[in-house]
Amino acid sequence: MTTSVDSERTVTVTVNGVLREATVPVRRVLSDLLREDLRLTGTHVGCAHGVCGSCTVLVDGVPVRSCLVLAVQVDGAEVTTVEGLAREDDRGGQVLHPVQEAFRECHALQCGFCTPGFLVTIAAGLEARDATAEITEEEVDELVGGNLCRCTGYANIKKAVRHAAATMRDDAR
Ligand code: FES
Ligand code: FES
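Rules used in this analysis
- Residues numbered from 1 in each chain as written.
- Chains lettered and ligands numbered in written order.
- Predicted model: local features only at pLDDT ≥ 70, side-chain atom pairs only at ≥ 80, totals over all residues.
- Heavy atoms only, no water.
- Helix = DSSP H or I, 4+ residues; strand = E, 2+ residues; numbered from the N terminus.
- Expected span 1.5 Å × (residues − 1).
- Buried < 20%, exposed > 50% of the residue type's maximum accessible area, 1.4 Å probe, protein only.
- Contact = heavy atoms within 4.5 Å.
- Pairing = 2+ DSSP bridges.
- Domains from an automatic or database assignment.
- Salt bridge = Lys/Arg side-chain N within 4 Å of Asp/Glu carboxyl O.
- Polar contact = N/O pair within 3.5 Å; in protein donor to acceptor, adjacent residues only side chain to side chain.
- Nonpolar A, V, L, I, M, F, W, Y, C, P; charged D, E, K, R; others polar.

### Here's the deal with helix H5 (residues 155–172)
Here comes step 1: Over its 18 residues, H5 runs 26 Å from end to end, which matches the ideal 26 Å to within 8%, given 1.5 Å per residue.
Here comes step 2: For H5, the full list of buried residues reads Ile157, Ala160, Val161, Ala164, Ala165, Met168 and Arg169.
Here comes step 3: Along its buried surface, H5 packs onto helix H2 (98–105), helix H3 (115–128) and helix H4 (137–144).

What follows is the structure, given as structure tokens:
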């Protein structure tokens, strides 16, 4: 039996609230769909082996390593990339997500290569917890533990997590 590895499928996916469609090889990974087909280059690819976390995006609200997920697997799903973290304000402008704001405030990046993955992972983690509760050091460690950064030493990234959690706690009160 001959199997064609080059066959294509049309994938329809809602990315950052916008319905998108692309016809891709069946072996195309989600990170390539986002970067190459949809031109959303905010998602970075570091290791391409599921180790570094740079490529993390949300699929139906859950952080996934987009270098390990096939584009065809997200057909019909909702994907949020780093480009989708900012929110519209009531004057039609954009406001940064508290995690983005905290990274800026706390100098939590240097080269920035790992940053999209950290932002997406931490934003999802903080949004999933009780915002009114004080964040613990164990939670902070867990939120940053799955992503690798070669520049920062993590101290400022952890500071940014605490800062963002405090902002979200104030907003929730
Ligand atoms: S690029 Fe996907 S985990 Fe490193
Ligand atoms: S800021 Fe350079 S790899 Fe993290």
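### Some words on the pairing of strand S1 (residues 8–15)
Here comes step 1: Note that S1 and strand S2 (residues 18–25) share eight bridges and pair antiparallel. Note on S2: the bridge partner recorded for Thr14 is Leu19.
Here comes step 2: The turn linking S1 back onto S2 is made up of two residues, and Asn16 within it adopts a positive phi angle of 50 degrees.
Here comes step 3: Bridge count between S1 and strand S5 (residues 78–80): two bridges; the pairing is parallel. Residue pairing for S5: Val15 is matched across the bridge by Val79.

### Details of the domain arrangement of the chain
By a frequent convention, interface size equals the accessible area lost on bringing the separate parts together.
Here comes step 1: What the domain assignment lists for the chain is domain 1 (5–82) and domain 2 (87–172).
Here comes step 2: At the interface, 16 residues of domain 1 touch 13 residues of domain 2.
Here comes step 3: Our count for the contact surface shared by domain 1 and domain 2 stands at zero salt bridges.
Here comes step 4: In this assembly, domain 1 and domain 2 are joined by four residue pairs in polar contact (both at pLDDT 80 or more).
Here comes step 5: Mapped by element, the contributors of at least two residues to the side of domain 1 that touches domain 2 are strand S3 (56–59) and strand S4 (62–65).
Here comes step 6: If you tally residues by element for the side of domain 1 that touches domain 2, the top one is S3, at three residues.
Here comes step 7: In the side of domain 1 that touches domain 2, the residues fall into seven nonpolar, eight polar and one charged.

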